[in-house]
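As a plain string of letters, each chain reads:
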Amino acid sequence: MSKDGFLYSSKKIDVSKKITIVASKWNAELVNELLQAGKAHLEELGFTNIKIVSVPGAWELVHAAQKELAYADGVIAYGVVIRGETTHYELISESTAQGLMQVSVNMKKPIGFGLIAVENISQAKERTSSSKLNKGKEIAQSLVEMLN
Ligand code: RBF
């Protein structure tokens, strides 16, 4: 069980597993909040084999995830897509989501899906700020559960 009461299965967590966090530079400040929360949770559990890979935008998360899964046991992908700032919103958010799912199925390895797709910057802050609903930890918990 993690500190906040999230229940992992009774099996001991294998903290030797290799995890790569892929994170996009678009909306970097917000993405960094997710990354820090996720990484801190993994470290709290005892994972030491954590690699961070930075990519230009959400679109590139798919390629990086596939490349990393050639040797990593699992990947967490963090990105923020904001509708207000991009007419590409649907294209980017949907294709990234589908791409990550496809990679996970093809590589037969889990991916923590941390693409935050929102209407505006205030919703984005709501889901990423460490004082609010930061989703970074929750997504890391899902990956650990799947690795387990
Ligand atoms: N990447 C993001 O991670 N979040 C975004 O909100 C975002 N908006 C974009 C809007 C436009 C108009 C374009 C052209 C790109 C955007 N990208 C965004 C970057 C995209 O994920 C990718 O890095 C670039 O298209 C280069 O391949």
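Look a little higher up for the structure.
Predicted model, so just to flag it, every value in this text is computed and none were measured.

Let us now look at the pairing of strand β3 (residues 74-82). A large share of β3 lies buried, amounting to nine of its nine residues. On β3, burial covers both faces: G74, I76, Y78, V80 and I82 on one face and V75, A77, G79 and V81 on the other are all buried. By the bridge criterion, five bridges tie strand β1 (residues 19-24) to β3 in an arrangement that is parallel. Bridge pairing in β3 links T20 to V75. Where β3 meets strand β4 (residues 111-118), eight bridges bridge the pair, whose relative direction is parallel. By the bridge assignment for β4, V81 is matched with A117.

Now for helix α2 (residues 61-68). Those residues of α2 lying buried are L61, V62, A64, A65 and E68. Down the axis of α2, the buried set is contained in an arc of 165 degrees. They therefore lie on one face. Turned more than 90 degrees off the buried face of α2, the exposed positions are H63 and K67. Those residues of α2 hidden inside the fold are in contact with β1, β2 (50-55), β3, α3 (89-107) and β4.

Moving on: the sheet that holds β3. An order of β2-β1-β3-β4 is seen for the four strands of this open sheet, with the pairing classed as parallel. Both edges of this open sheet fall to β2 and β4, since each of them pairs with a single strand only. Strand-to-strand twist across the sheet, computed as the mean angle between neighbouring axes with direction ignored, equals 15 degrees. Here helix α1 (residues 28-45) sits on the sheet in contact with β1, β2, β3 and β4, set at roughly 155 degrees to β3. Lying on the sheet, helix α5 (residues 136-147) is in contact with β1, β3 and β4; it crosses β3 at an angle near 150 degrees.

What follows concerns the nonpolar core. Core analysis: the largest hydrophobic core is formed by 24 residues, its most contacted members being I19, I21, L42, F47, I76, Y78 and V80. When contributions to this core are tallied by element, the ones reaching two or more residues are β1, α1, β3, β4 and α5. Core analysis: the second largest hydrophobic core is formed by 17 residues, L69, V81, I111 and L115 among them.

Here is what the cut-offs are and how they apply
- Residues numbered from 1 in each chain as written.
- Predicted model: local features only at pLDDT ≥ 70, side-chain atom pairs only at ≥ 80, totals over all residues.
- Heavy atoms only, no water.
- Buried < 20%, exposed > 50% of the residue type's maximum accessible area, 1.4 Å probe, protein only.
- Helix = DSSP H or I, 4+ residues; strand = E, 2+ residues; numbered from the N terminus.
- Pairing = 2+ DSSP bridges.
- Arc of directions from axis to C-beta.
- Contact = heavy atoms within 4.5 Å.
- Axes fitted to C-alpha atoms, helices over the stretch in contact; angles between N-to-C directions.
- Core = buried A, V, L, I, M, F, W, Y, C linked by side-chain atoms within 4.5 Å.

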